[in-house]
Structures are given as C-alpha cells and as structure tokens.
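Structural characterization, general
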Amino acid sequence: MSHIRLIQVETYEEMSRLAADRISAQIQRKPDSVLGLATGSSPVGTYQLLVEGCAMGDLDFSKIRTVNLDEYCGLAPEDPRSYRYFMDYHLFNRVNIEKKNTFVPDGLAEDPEAEAAAYERRIESMGGVDLQLLGIGHNGHIGFNEPAEGFAPNTHVVELAKRTREANAKFFDRPEDMPRFALTMGIGSILRARKILLLGGPDKAEIMDRAMHGPVSPDVPASVLQLHPDVTFLLCAQPPQKRK
Ligand code: GLP
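Report on the accompanying structure. Quantities reported herein were computed from a predicted structural model and do not represent experimental measurements.

1. Quick word on the overall build of the protein chain
- A count of helical and extended segments in the protein chain gives 7 helices and 10 strands.
- Taken against the 2.2 N^0.38 rule, which gives 18 Å for 244 residues, the C-alpha radius of gyration of the protein chain at 17 Å falls within 12% of a compact globule.
- Along the first, second and third principal axes, the C-alpha atoms of the protein chain reach 45 × 40 × 40 Å.
- Taken over 244 residues, the protein chain has a buried fraction of 55%.
- Across the protein chain, every contact between residues at least 6 apart in sequence was considered, and the portion connecting residues at least 24 apart equals 79%.
- A total of about 11700 Å² of accessible surface is found on the protein chain, and carbon and sulfur atoms cover 51% of it.

2. So, helix 2 (residues 44-55)
- Its 12 residues place the ends of helix 2 17 Å apart at the C-alpha level, agreeing with the 16 Å of an ideal helix rising 1.5 Å per residue.
- Turning to helix 2, its buried residues number three or more, namely G45, T46, Y47, L49, L50, V51, G53 and C54.
- Tucked into the core, helix 2 has its buried residues touching helix 1 (12-29), strand 2 (34-37), helix 3 (83-90), strand 6 (131-134) and strand 9 (195-200).
- Among the residues trailing helix 2, G57 stands out with phi positive, at a value near 85°.

3. Some details on the pattern of salt bridges
- Taken as a whole and assessed by the stated rule, the structure comprises 12 salt bridges.
- The partner of R17 in a salt bridge is D21, with the nearest N and O atoms 3.6 Å apart. Highlighted residues: R17 and D21, both in helix 1, separated by 4 residues, approximately one helical turn.
- Classification of R17 by relative accessible area gives partly exposed; the value is 41%.

4. What to know about the site of the ligand
- Every residue near the ligand is listed here: G40, S41, S42, D70, Y83, G135, I136, H141, G143, F144, N168 and K204.
- Residue G143 places a main-chain N or O atom 3.4 Å away from an oxygen atom belonging to the ligand.
- Between an oxygen atom of the ligand and a side-chain N or O atom of N168, the distance comes to 3.3 Å.
- Within the complex, 89% of the 390 Å² of free accessible area of the ligand lies under protein.

5. Concerning the nonpolar core
- If you look at the biggest cluster of nonpolar residues, it comprises 30 residues, and the most contacted ones within it are V67, L134, I142, I190, L198, L225 and F233.
- When residues in this core are grouped by element, the largest group, 4 residues, is from helix 7 (residues 205-213).
- If we skip the residues at most four places from it in the chain, I142 touches L134, G135, T184, I187, I190, L198, P221, A222, V224 and L225.

6. Here we look at the sheet that holds strand 3 (residues 65-68)
- Read across the sheet, 7 strands follow the order 1-10-9-6-2-3-5 without closing on themselves; strand pairing throughout is parallel. The open sheet has two free edges, formed respectively by strand 1 (5-9) and strand 5 (102-103), since each of these has just one partner strand.
- The pairing of strand 1 with strand 10 (residues 231-236) spans 5 bridges and is parallel. The residue of strand 10 that forms the bridge with R5 is T232.

7. Points about the side chain of S24
- Positionally, S24 belongs in helix 1.
- Residue class for S24 comes out buried when judged on its relative accessible area of 15%.
- Within the local environment of S24, its side chain forms a polar contact with the backbone oxygen of A20, the two atoms lying 2.7 Å apart.
- Setting aside chain neighbours within four positions, we find S24 in contact with L50 and L59.

8. Considering the side chain of E115
- Its place among the elements puts E115 in helix 4 (residues 112-125).
- For the buried E115, which has no salt bridge, the nearest side chain bearing the opposite charge is R122, at an N-O separation of 6.9 Å.
- Excluding its chain neighbours within four sequence positions, the residues that come into contact with E115 are P105, D106, A109 and L183.

9. Considerations on a nonpolar patch on the surface
- The grouping of F151, V216 and L227 at the surface amounts to a nonpolar patch, some 250 Å² of accessible area in total.
- Here L227 falls in the exposed class, since its relative accessible area comes to 57%.

10. Considering the packing of helix 2 against helix 3
- Interhelical geometry of helix 2 versus helix 3 gives an angle of 40° and a closest axis separation of 10 Å. The orientation of helix 2 relative to helix 3 falls into the category oblique. Note on element contacts: helix 3 touches helix 2 through F86, M87 and H90, opposite V44, Y47 and V51.
- Split into classes, the residues belonging to the contact of helix 2 with helix 3 amount to 5 nonpolar, 1 polar and no charged.

What counts and what doesn't
Think of each chain on its own: its residues are numbered from 1, step by step along the sequence as written. This being a predicted model, a pLDDT of at least 70 is required before a residue's local features are given, and a value of 80 or more before pairs of side-chain atoms are given or counted; all residues contribute to the totals for chains, interfaces and linings. Side-chain measures were taken over the full set of non-hydrogen atoms in the model, leaving aside hydrogen atoms and water. Numbering of helices and strands starts at the N terminus; helices are DSSP runs of H or I of at least 4 residues and strands are runs of E of at least 2. The size measure is the radius of gyration over C-alpha atoms, and the globule rule it meets is 2.2 Å times the number of residues to the 0.38 power. Throughout this description, buried means an accessible area under 20% of the type-specific maximum (1.4 Å probe, protein chains only), exposed means over 50%, and partly exposed covers the range between. Residues are treated as being in contact if the distance between any of their heavy atoms lies within 4.5 Å. Every accessible area reported is derived by Shrake-Rupley at a probe size of 1.4 Å, with residue values counting cover from the shown protein chains alone. Take the residue count of a helix, subtract one, and multiply by 1.5 Å to get its expected span. Between Lys or Arg on one side and Asp or Glu on the other, a salt bridge is scored when a side-chain nitrogen of the former is within 4 Å of a carboxyl oxygen of the latter. We call a residue near a molecule or strand when any one of its heavy atoms sits within 4 Å of it. Any pair of N or O atoms that falls within 3.5 Å is considered a polar contact. Within protein, one atom must be able to donate a hydrogen and the other to accept it, and sequence-neighbouring residues count only if both atoms are side-chain atoms. For the purposes of this section, nonpolar cores are sets of buried Ala, Val, Leu, Ile, Met, Phe, Trp, Tyr and Cys residues that join through side-chain atoms within 4.5 Å. The criterion for strand pairing is that DSSP finds at least two bridges linking the strands in question. In this tally, Asp and Glu contribute negative charge and Lys and Arg positive charge; neither His nor the terminal groups of the chain are included. Surface patches are defined over residues having more than 30% relative accessible area and no salt bridge, joining like charges when they lie within 9 Å and nonpolar side chains (Val, Leu, Ile, Met, Phe, Trp, Tyr) when within 5 Å. A fitted line through C-alpha atoms serves as each axis, taken over the contacting stretch for helices, and the angle formed by two N-to-C directions is quoted from 0 to 180°. Convention used here: angles under 35 degrees read as roughly parallel, angles over 145 as roughly antiparallel, angles from 65 to 115 as roughly perpendicular, and any remaining angle as oblique. Each residue receives one of three labels: charged for Asp, Glu, Lys and Arg, nonpolar for Ala, Val, Leu, Ile, Met, Phe, Trp, Tyr, Cys and Pro, and polar for the others, Gly being one of them.

Below, the structure written as structure tokens:
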C-alpha cells in the first residue's frame, strides 16, 4: 500500500505556496534544519517565496544547512548551467544563509567517485536530511537516479539517460555540450530523509501516477518513495505563467 499523499492544485503558484509553507514550517520548527534541495523548473516558484519570506523577516536561514541532490560532472560552480549556480542564483544569494553551510556535489572533482563517497559522509555527519525537496523526470528519475537494474544506496556517479539529456539539452547551446555524467544522491540517500516533498507540473501527472500506484521497481526510480512513511506529491494542473 502506498503511503504517498497526493495534493492536486490548479496553478503553479498554488503549488509553490504549499511547498514554501511546508519548508517555512520546517525552518521555524527547527532553525538548524538540514534541507535537501532540488533544481529544475518545478521548485523555482517555491524558492522565490522563501526569498520573500526571508525579506519580510518571517524566515531566518542563518542556521540552516542544505545539501543538493545532484550536479553535472564537468561544470564549474560559476558556470550558469551548473546546479551550484542555479542554487546561488535562485536562493542562496538572496537569503541570509551562510554559503559555507550549502553543499552541492563538486562537478569538477578530479575523482568523482571519491567526491560521491565524501558527499554521502557529509550528509551523514550533518545528521541526515530533515526535509527533502524533489522534482521528477519524465522517466521517473529522482535526482539523477535514472531507470536502472537496481536502486543505488548512496551518492554516486551516473551516466545520464538519453531522455534526460534530450530534456535538459535546451539549457546548452549545442547538444554536444550537454554533460554525459552527473553526481547524484542515491535512492538510499533520498529515502533516509525524514520527510519528502515532490513537485511536478502537468507533464509529470502520468509518471507521478505510475510512481504512486505502479509496482516498486528501479524501472521507475520514484516508485521507491512508496516505501517511505512521509511523502507528499504536489501536482499542479497548469504550467507556470510566464513572468511579464
Ligand atoms: C533535472 C534534475 C532533477 C529534476 C528534473 C525535473 O533532471 N536533475 O532533479 O527533478 O530535472 O525538472 P523540472 O522540474 O524542470 O521538470
């Protein structure tokens, strides 16, 4: 039996508001929370609302620590296509978080396997993730855990699936610039989070349904979330409205 709660709303703005409210409640309840964060278009509105909450004095990030799900191999932190850049731009540079308390896997690590192992140890040494935010890929990937033979327990190096590379190629000038490898938290790393919140737009409705109600299988990595006791899926019926 799936424990996953599904909340369906009409607009992207409503979805972002619900997600931001849950994250805000977590921050207020435990000011030194470890937040697991995600990139992609789904959480952008949520981050914007957290920035506003901080500007209004309702939220204090000074003791918050963050760990991001994933990063492309080969991209520098200052590369606008890197996930470190995305997080700095959308959240970290706009709230009172200490940069040294924000962690994203190092895409330039000389030894990516060693970086992956060190990243996992870091999450553990921080006491684990209190609240993990997730998006979902069209193939059911979470972080960059692509459909595979089995579930990866820990942070690891992954070769990106063709479908993922096609979906994300729009962020790169030439398709050949799209990295082939990434570092990602494993399925085990994600499941060890105490609470999980997954966001998706209308193009994700079908895969979210399979993840919730289909068999638990590494063919649809997000289906493993059925085994976690505290997961909420937020699905919005409309894509984000273009900003004027
Ligand atoms: C990328 C990220 C995933 C994210 C996915 C969905 O592949 N590595 O962590 O969940 O995009 O992105 P979007 O929210 O833009 O649909």
